Structures are given as C-alpha cells and as structure tokens.
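A closer look at the structure
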Amino acid sequence: MAKLVCLNGNNRGEEYFLEEGKHTLGRGHGRDFIILDRNASRQHCTITKKDDTYIIEDTDSLNGTIVNKKKIHSAKKQIFSGEKFLVGDTIILLSGKETSTTTTEAPEKTDIEKFLFDETRKFTETTTKKVVKSKTVRLKRNLLNTPVSTIFHDFFNKDKK
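The structure displayed is predicted, hence computed values, not measured ones.

Let us now look at the overall build of the protein. Secondary structure summary: the protein contains three helices and 11 strands in total. Secondary structure of the protein in N-to-C order comes out as β-β-β-β-β-β-β-β-β-β-β-α-α-α. Long-range pairs, those at least 24 residues apart, make up 43% of the contacts in the protein with a sequence separation of at least 6. In the form shown here, the protein has an accessible surface area of approximately 10700 Å², with 53% of it arising from carbon and sulfur atoms.

Read across the sheet, five strands follow the order 4-3-5-6-9 without closing on themselves; strand pairing throughout is mixed. Of all the strands in the sheet, just strand 4 (33-34) and strand 9 (76-79) have a single pairing partner and so form its edges.

A few words on the sheet that holds strand 8 (residues 70-71). Strand order in the open sheet made by the six strands is 2-1-11-10-7-8, with antiparallel pairing throughout. The sheet is open, and its two borders are formed by strand 2 (15-17) and strand 8, each paired with just one other strand.

Inspection of the secondary structure puts S74 in the loop between strand 8 and strand 9. A sequence separation of 29 residues divides S74 from C45, and the C-alpha atoms of the two residues are 8.9 Å apart. Other than its neighbours up to four places away in sequence, S74 contacts D58 and D60.

This brings us to the pairing of strand 10 (residues 84-87). Regular strands have side chains that alternate between both faces of the sheet. Here strand 7 (residues 65-67) pairs with strand 10 via three bridges, running antiparallel. Of the residues in strand 10, the one forming a bridge with V67 is F85. Relative to strand 11 (residues 90-95), strand 10 runs antiparallel, the two sharing four bridges. If you follow V87 over to strand 11, its bridge partner there is T90. Taking the residues between adjacent antiparallel strands as the criterion, strand 10 and strand 11 are bridged by two residues, where G88 takes a positive phi near 65 degrees.

Of all hydrophobic cores here, the largest spans 20 residues; its most connected members are L4, L25 and F85. Taken together, the elements giving at least two residues each to this core come down to strand 1 (3-6), strand 5 (45-50), strand 6 (53-58), strand 10 and strand 11. Counting residues in each nonpolar core, the second largest holds six residues, with V5, L7, L86 and I91 among its members.

Further remarks concern the environment of L36. Inspection of the secondary structure puts L36 in the loop between strand 4 and strand 5. With a relative accessible area of 46%, L36 lands in the partly exposed category. If near-sequence neighbours (up to four positions away) are discounted, L36 is found in contact with N10 and N11.

By the secondary structure assignment, S41 is in the loop between strand 4 and strand 5. Given the relative accessible area of 15%, S41 is considered buried. Contact partners of S41, with chain neighbours within four places excluded, come to G26, R27, S61 and L62.

Our focus in this paragraph is the pattern of salt bridges. For the coordinates displayed, the defined rule picks out one salt bridge. The partner of K3 in a salt bridge is E15, and the shortest N-O contact between them spans 3.1 Å. Placement of K3 in strand 1 and of E15 in strand 2 is noted, with a sequence separation of 12 residues between them. Owing to a relative accessible area of 0%, K3 belongs among the buried residues under this scheme.

Turning our attention to the side chain of T24. With respect to the helices, strands and loops of the structure, T24 is situated in strand 3 (residues 21-26). Excluding residues within four positions of it along the chain, T24 makes contact with G30, R31, D32, F33, Q43, C45 and T46.

Here is what the cut-offs are and how they apply
- Residues numbered from 1 in each chain as written.
- Predicted model: local features only at pLDDT ≥ 70, side-chain atom pairs only at ≥ 80, totals over all residues.
- Heavy atoms only, no water.
- Helix = DSSP H or I, 4+ residues; strand = E, 2+ residues; numbered from the N terminus.
- Contact = heavy atoms within 4.5 Å.
- Areas by Shrake-Rupley, 256 points an atom, 1.4 Å probe, with all protein chains shown as cover.
- Pairing = 2+ DSSP bridges.
- Core = buried A, V, L, I, M, F, W, Y, C linked by side-chain atoms within 4.5 Å.
- Buried < 20%, exposed > 50% of the residue type's maximum accessible area, 1.4 Å probe, protein only.
- Salt bridge = Lys/Arg side-chain N within 4 Å of Asp/Glu carboxyl O.

Here it is, written out as structure tokens:
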C-alpha cells in the first residue's frame, strides 16, 4: 500500500497510508494528513489515488505546492512512487512500498536546501519584511494618536492591575 512519509520538520517520520479516493493535506483541523508547518496553508493540497495513479492538486495555497522543484500553484500533476513534494517547508515522499520509519532517512540539510524552490523562499522573506514593517508603522501611528497622559497612566499603573 502506498503511503506519504514526512522527511523533515515537526512531522518528521510520520506516515499516512493512502487508500482509494481523495486525501487532504494542510495545517488545518479536519485534514486527512495534518502538516505542522506555519508555512503550509490550512488546506494546502489534495492527493487523489485511483488504482495505481496519484494526482496531486494545489488548492490555491499561498506558497503553492512544489513537486520535483516545480511549483504547481492551483494546478494538478501526476506524481509517482519515490517522488518528493514540498508543503510549506515540509518535504513529503510518496512511497509505493511498505518500509519502516527506521529505513526512511531524512535527507541532509544540503538535500533539503537543493529541494526548496528559491523563489518561494524569496517571496516568504519579502512578505515577512512587509508584515513586520506594517506592524511597526501601525504601532507608531497608535502611539502618536494616543494622548501622552494615557501612556504615562498605563506605564505607571501597570503593576496595580
């Protein structure tokens, strides 16, 4: 029976056996395979098994799903046993045969770095910088619009609460 094997991250070593039908992957509750990765969407992708054919479909996730170093944002792609795909920062292997978790070794960091899609990493870093900058600006605006007396009152009375 085919299975998904998580090779790194918080789910490292976990396996999910694939039966006939559609399987959902993501970090949200109620998914068939919950990915504990903050860069994975709540409903990141689906894998459909029909006979010995596996189709992976990105479900309009923010970072897309990467199969064999190619992003398949909002698209379907057939995957085969032995292929790896990326959900957030988590690498998952489609294994077509029974293997134990002790024989499935996680790749070295250099392999992970090679597997990751550079554009995704750049996009994530840029987005993070924009979010941090906007929160800083919002904080400055809030302080500028708050009367000084309120700021002093909150600062000196914080121990009394």
